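# Examination of the molecular architecture
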Amino acid sequence: MVGITSSGSYVPVYRLAREEIARAWKSRALGGERAVAKYDEDAVTMAACAVLDCLKDTRRIIDGLFFGSTTAPYEEKQSAAILGAMADLSREIRTADFAGSLRAGTIALAGALDAVKSGALNNALVAVSDLRMGAGKSQFEQQFGDAAAAFTIGSSDVIAAFEGSFSLSSELYDSWRPGRSAFVQSWEERFVVTEGYMNAMEKVISGIMRRYELTPKDFTTVVFYGPDKRSHGALARKLGFDLKTQVQDPFFDLIGNSGAAALPLMLVAALSEASPNDRILVANYGDGADAFILSVTDQIGHCQQKKKLQERLNNKTYIDYERYLTWRNLVPFDQPRRPELKPPAVPCLWRARRSVLALYGSKCRRCGTVQYPPQRICARCRAKDDFEDYKLSDKKGEVFTYALDSLTAAVEQPAIIAVIDFDGGGRLACEVAECEPSEIHIGMPVEMTVRKVGKTDVIQNYFWKARPVR
Amino acid sequence: MGTIRDKVAIIGMGCTKFGELWDKSVEDLIIDATYEAIEDAGIEPKDIEAAWLGTVFSGLTAISLAPALKLDYIPVTRVENMCATGTEALRAAVYAVASGACEIALAVGVEKLKDTGWTGVQPTNVVGRSTMGTTGTEIELSPPAMFALMCQRYFYRYNLDPDVGKRLLALIAVKNHLHGSMNPKAHFQNQITVEQVLRSPIISWPLGVLDCCGVSDGGAAAIVARADIAGKLRKDPIYVKSVAVTTGPRLDLMTQDYDFTHVEENVVNAKRAYAEAGIRDPRKELSVAEVHDCFTVHEMVLYQDLGWSDRERVQEDIETGTFGLKGELPVNTDGGLKCFGHPLGASGLRMQYEVYKQLQEKAGPRQVRDPRLGLIHNYGGAIWGGISSICITGNEKG
């Protein structure tokens, strides 16, 4: 038996109401709201959050990491390798990026399933994330949302067993984005929906049902991609699935269409509500379509320890359209006269990669003092070279003191800097994410999360920031 | 431990006006400050046997000093210790003379901050500085924000109502501006009120614009000689009683030990300086002091860290004018960093210039009564790990 063994997800806390976008453009609002990643997030940081959520409380040794996205930060430089370092995985693993398609997540999933089935890998991690942009005033701008999801695939303690699959390839221009372009392009909507989406999805879903001799009523839950609410609903009705009882909420009103991460995120949500013996149909779209059949096992209870996605979506901060423009760097704006941050010295970054990407400090073996960054000479007892590695990224802490810095080259002023004291020892001065200036206070409980830092066209640096525990 | 006490004396000092000196180059400031010191000392330029240049951003090597002054083939060194650079140059010159390696030495401090164009002081990003600095992941924190970290924690820890706290800080700014208004060389010579300070735009809460020193250009210089020949060169040499520099191991962000309400380097360094100078009760024995008031909160904490007041007394001390011109221990009588300005490399020497003039009873309207011993304090780096520099001088031997 091979299948999903755990799952995780991440949705940014920030929301842009579609009414607010429509206000800016004097256009029609599509209803609901969309999730917006902040300027210090990208597909890699969001995936890292989902991965860390997925790996929480797990003892599995991961030997493969597959990352799917249409918006990875580099054209040449593997995002999966960066994610592996952030998740503190061994270097002796197989890493791969799956790119270029909205189907990247399920293609990665299929790859992971095949690897585990063949015995090539024991525990594969699949992370999917997207941060796509629609041009101003476009439907896409309202429809898109930013999010990430992650799964582990294995053959022991499987919560949802893989029963079968069916895939189609489709060479068609419906929505696409050339490398140099920031915005997703599309052809005329009727063509896109009917000839593209509906056509391929009907074929793949009826194809898989035919192959395994199943009918719509054989599925407890149906999870499938939709570019928008109307098309999604139309497909459900056309294929005979019950929107109220069978079809997983695609989160258009709460998150938006999160591209490659959309279907995976829906699957995470479906699994968090599933019961043993449920049969789940999964179908994804993009340059063709993928369909899978999953069968929920009696191990499913363990997966549901984590807070349901729906509850976590209640944690939100609304932003206005101007803030979105600033975060996406769509309008050139004036900055305070402060020196640009220098790019990192790469050998230094390489030497310090464990303390930078996985937030490793050291713990003195003689006096037990936790210190960050790792110190060869103990800060308290002066013991030399007598310490063990001590990870801080998974520790909770609280704000010891903080400052709101207006004289900063950061995208938004004031920057929020805090000195964090970790439970169990260790201290770090860092930025605070997911927090407005009015919210921060001494004693505020925090946990750590990974974000983009610095601002350079050459190297995108990543580091940890504190965020309020909610 | 050895002592420098009464081995060296300052025989001449110079100081330019500080401010936005668009017309003055680095060379101009070096020349103006040094020649004032040379004339004050009554020596010739060729009498200078060794020189030290203190600057953080305005020169990289000795080559910045010798060509401007046309120093003829003497040893010249550039020194830097962030905001404590000026005192570092003085220390180097004092130690050289005390060692017997030379008889007369020059210390110059200079900075052209207005040439950089930045708002506020730029950070020093140098490869090899520290692991976190070179990986590009160290937090970017402006100096006001760093002192806001201290101020926030101070108010919190001591249950100080922020309105009361901000008023105390405002009194310090008002005091320094009052002193600066009597000083034609200061960058700012306007008096201000508590209300103006409280209403000034917030830079990093609770610090507003008028809680922060500005960005200035300036230069200052000192000429030192062995104590036994100093008396021959002028009738009122100013004797060095102590030169103390202390750098901590910058522990304070590595573990949870640092409390953010004091600066350990200043506490340790003050004790070291007083011991070297033979001072037992600094509040009574010091006649005048110049301290590093980059931000008002630092001056308030310095009153405590330097041993002149304590947590319980400091509010009353500030409110009753203990540290004003007519008080028990006048502090920053020339306007301090706040008013005189803070061209990093020059500041330590500018502080010494005021103490020097005070001890010689040449401070005019700012003169303190019965001057005997003066202290300068200079601090560079972060509040959780930096460099504290103190120099104590007196107008008598013994």
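Residues numbered from 1 in each chain as written. Chains lettered and ligands numbered in written order. Predicted model: local features only at pLDDT ≥ 70, side-chain atom pairs only at ≥ 80, totals over all residues.

### Considering the environment of A:Arg366
Residue and element names in this part refer to chain A. Mapped onto the elements of the fold, Arg 366 is located in the loop between β15 (360-364) and β16 (370-371). With 13 C-beta atoms counted inside 10 Å, the residue Arg 366 sits in the partly exposed group. C-alpha separation for the pair Arg 366 and Arg 380, spaced 14 residues apart in sequence, amounts to 9.9 Å. Contacts of Arg 366, omitting those with residues within four sequence positions, involve Cys 378, Cys 381, Ala 383 and Asp 386. (Helix = DSSP H or I, 4+ residues; strand = E, 2+ residues; numbered from the N terminus. Buried ≥ 20, exposed ≤ 12 C-beta atoms within 10 Å, placed from the backbone. Contact = placed C-beta atoms within 7 Å.)

### As for the nonpolar core
Grouped together as the largest cluster of nonpolar side chains are 281 residues, with contacts concentrated most on A:Ala47, A:Val51, A:Leu83, A:Val126, A:Ala148, B:Ala93 and B:Val224. Per element, the largest residue contribution to this core is 11 residues, and it comes from helix α2 (residues 43-55) of chain A. When sequence neighbours within four positions are dropped, the list of residues in contact with A:Val126 reads A:Phe66, A:Ala108, A:Leu109, A:Ala112, A:Ala150, A:Phe151 and A:Ile153. (Core = buried A, V, L, I, M, F, W, Y, C linked by C-beta atoms within 7 Å.)

### Brief notes about the packing of helix α3 (residues 85-99) of chain B against helix α14 (residues 344-359) of chain B
Residue and element names in this part refer to chain B. Contact geometry of α3 with α14 gives a least axis separation of 5 Å together with a crossing angle of 65°. Facing Thr 85, Gly 86, Thr 87, Ala 89 and Leu 90 of α3, the residues of α14 in contact are Leu 344, Gly 345, Ala 346, Ser 347, Gly 348, Leu 349, Arg 350 and Gln 352. Split into classes, the residues belonging to the contact of α3 with α14 amount to five nonpolar, seven polar and one charged. (Axes fitted to C-alpha atoms, helices over the stretch in contact; angles between N-to-C directions. Nonpolar A, V, L, I, M, F, W, Y, C, P; charged D, E, K, R; others polar.)

### Comments concerning helix α8 (residues 262-273) of chain A
Residue pairs three or four apart in sequence face the same way in an α-helix, which turns once every 3.6 residues. Residues and elements named next belong to chain A. When the terminal C-alpha atoms of α8 are compared, their 17 Å separation across 12 residues agrees well with the 16 Å that a helix rising 1.5 Å per residue should span. Across the 12 residues that make up α8, a large majority, 10, are buried. The set of residues buried in α8 consists of Ala 262, Leu 263, Pro 264, Leu 265, Met 266, Leu 267, Val 268, Ala 269, Ala 270 and Leu 271. (Expected span 1.5 Å × (residues − 1).)

### With respect to the confidence of the model for chain B
All names here are of chain B. In the predicted model, chain B carries a mean pLDDT of 93, and the fraction of residues at 70 or more is 97%. The model gives residues 125-129 a pLDDT under 50, and that stretch makes six contacts with residues more than four places away or in other chains. Both scores are given for the predicted complex: the pTM is 0.92, the ipTM 0.90. (pLDDT = per-residue confidence, 0-100.)

### Regarding the interface of chain B and chain A
With 33 residues of chain B at the contact, the number on the chain A side is 42 residues. Elements represented by at least two residues in the side of chain B that touches chain A include exactly α4 (131-134), α5 (143-157) and β5 (202-204) of chain B. If you tally residues by element for the side of chain B that touches chain A, the top one is α5(B), at seven residues.

### Topic: the pairing of strand β11 (residues 385-394) of chain B
All names here are of chain B. Here β11 lies mainly inside the structure; nine of its 10 residues are buried. For strand β8 (residues 238-247) and β11, the ladder comprises eight bridges, and the chain directions are antiparallel. Within the sheet, the bridge partner assigned to Val 243 lies in β11 and is Cys 391. The antiparallel pairing of strand β10 (residues 373-382) with β11 creates a hairpin that spans two residues between the two strands. (Pairing = 2+ DSSP bridges.)

### Here we look at the domain arrangement of chain A
Residues and elements named next belong to chain A. The domains assigned to chain A are domain 1 (3-327) and domain 2 (346-468). Between domain 1 and domain 2, the C-alpha centre-to-centre distance is 31 Å. Listed by contribution, the elements that provide at least two residues to the side of domain 1 that touches domain 2 are α2, α3 (79-86) and α11 (321-327). Each residue belonging to the side of domain 1 that touches domain 2 can be placed in one class, and the counts come to nine nonpolar, three polar and four charged. (Domains from an automatic or database assignment.)

### Looking at unusual backbone geometry
Residue A:Pro414 follows A:Gln413 across a cis peptide bond; omega there is -5°. Its place among the elements puts A:Pro414 in the loop between β18 (397-405) and β19 (415-422). For the bond running from B:Trp205 to B:Pro206, omega is 10°, close enough to zero to count as cis. Position of B:Pro206 relative to the elements: it lies in the loop between β5 and β6 (207-208). Phi angles above zero are rare outside glycine, and A:Phe251 is one such case at about 65°. As for its placement among the helices and strands, A:Phe251 is situated in the loop between α7 (229-239) and α8. Here the phi dihedral of A:Asp385 falls at roughly 50°; this positive angle occurs in a residue that is not glycine. Its place among the elements puts A:Asp385 in the loop between β16 and β17 (387-391).

### What about the domain arrangement of chain B?
Residues and elements named next belong to chain B. What the domain assignment reports for chain B is domain 1 (8-119 + 217-238) and domain 2 (143-213 + 240-394). The straight-line distance from the C-alpha centre of domain 1 to that of domain 2 is 24 Å. Across the boundary between the two partners, domain 1 contributes 37 residues, which contact 32 residues of domain 2. Within the residue set of the side of domain 1 that touches domain 2, elements represented by two or more residues are β1 (8-15), α3, β4 (104-112) and β7 (217-226).

### Description of the environment of A:Cys49
All names here are of chain A. Its location among the elements puts Cys 49 in helix α2. Accessibility expressed as a C-beta count within 10 Å gives 26 for Cys 49, which makes it buried. Taking the C-alpha atoms as reference points, Cys 49 and Val 450, 401 residues apart in sequence, are found 7.2 Å from one another. Excluding residues within four positions of it along the chain, Cys 49 makes contact with Tyr 10, Ala 148 and Thr 449.

### A word on the environment of B:Leu306
All names here are of chain B. With respect to the helices and strands, the residue Leu 306 is situated in the loop between α11 (296-305) and α12 (314-319). A C-alpha to C-alpha distance of 19 Å links Leu 306 and Pro 371, two positions 65 residues apart in sequence. Non-local contacts of Leu 306, meaning those with residues more than four positions away in its chain, are made with Asn 266, Ala 270, Pro 282 and His 377.

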